[in-house]
Amino acid sequence: MNKIHLRAFTFGLLLSTCIFGTYYYFSGDNGAAAKLSNEELIAQVEDKGYKVVDEKAYEELEAKAKDTEATPTEEETKETETEQTDTTKEEAAKEEEKPAEAVKEYKLNIISGMQSSEIATLLKDAGIITDAFEFEQYLINTGYHTKVQLGEFVVKSDMTYEQLAKIITKS
């Protein structure tokens, strides 16, 4: 960008500012809302479906709302207790339906040239981890991806990412 381009750009900004300023000055709608009286403003607000109350009435309404929130009715208390009981029963039923998940064991064989993404895919396919990308990112973020060792490793599905990483890096 040379001097001529910079001057032309500056002139354009100045010209557009002058045009907008002139329009604003001569548009005649400056401060129209400020010229309305309180009654006219209230009438406009009420036309749109809102209610206008003074400060004292507002404070009274606010105090009533706090009182009703603080003391639940007997019906609300019974409904809450019923919901909690139903939720507890549902959770207990779900736990009974779930068979105890067996811990899977897998013999991971890491060979020369294998990348962390391939290791993560093998572990996901074996059911040891649920998300290969997430495990790969964990290895990269913690620096374990550069310390992976060759060999066979026995891993289990109940291991954390950290435990898995320490096993395959022999840390």
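So, here is what we can say about the structure in this document.

1. Observations concerning helix H7 (residues 161–169)
Where H7 is concerned, the buried positions are Tyr161, Leu164, Ala165, Ile168 and Thr169. Considered in projection along H7, the buried side chains sweep an arc of 120° and stay on one side of the axis. Against strand E1 (105–110), helix H5 (116–125), helix H6 (132–142) and strand E2 (151–156) lie the buried residues of H7. Of the residues one or two after H7, lysine 170 is the one with positive phi, at around 55°.

2. Concerning the environment of threonine 130
Within the fold, threonine 130 resides in the loop between H5 and H6. According to the relative accessible area criterion, threonine 130 is exposed, its value standing at 72%. In this structure the C-alpha to C-alpha distance between threonine 130 and alanine 120, which are 10 residues apart in sequence, comes to 9.7 Å.

3. Observations concerning the packing of H5 against H6
Packing of H5 against H6 brings their axes to within 8 Å, and their N-to-C directions diverge by 140°. It follows that H5 is oblique to H6 by the angle criterion. As H5 packs across H6, the resulting crossing turns out to be right-handed. Side by side, H5 and H6 meet where Ser116, Ser117, Ala120, Thr121, Leu123 and Lys124 of the first sit next to Ala132, Phe135, Glu136 and Leu139 of the second. Here the contact of H5 with H6 is built from residues that sort into five nonpolar, three polar and two charged.

Conventions we followed
- Residues numbered from 1 in each chain as written.
- Predicted model: local features only at pLDDT ≥ 70, side-chain atom pairs only at ≥ 80, totals over all residues.
- Heavy atoms only, no water.
- Buried < 20%, exposed > 50% of the residue type's maximum accessible area, 1.4 Å probe, protein only.
- Helix = DSSP H or I, 4+ residues; strand = E, 2+ residues; numbered from the N terminus.
- Arc of directions from axis to C-beta.
- Contact = heavy atoms within 4.5 Å.
- Axes fitted to C-alpha atoms, helices over the stretch in contact; angles between N-to-C directions.
- Parallel < 35°, antiparallel > 145°, perpendicular 65-115°, else oblique.
- Left-handed = near helix turned anticlockwise from the far one by under 90°.
- Nonpolar A, V, L, I, M, F, W, Y, C, P; charged D, E, K, R; others polar.

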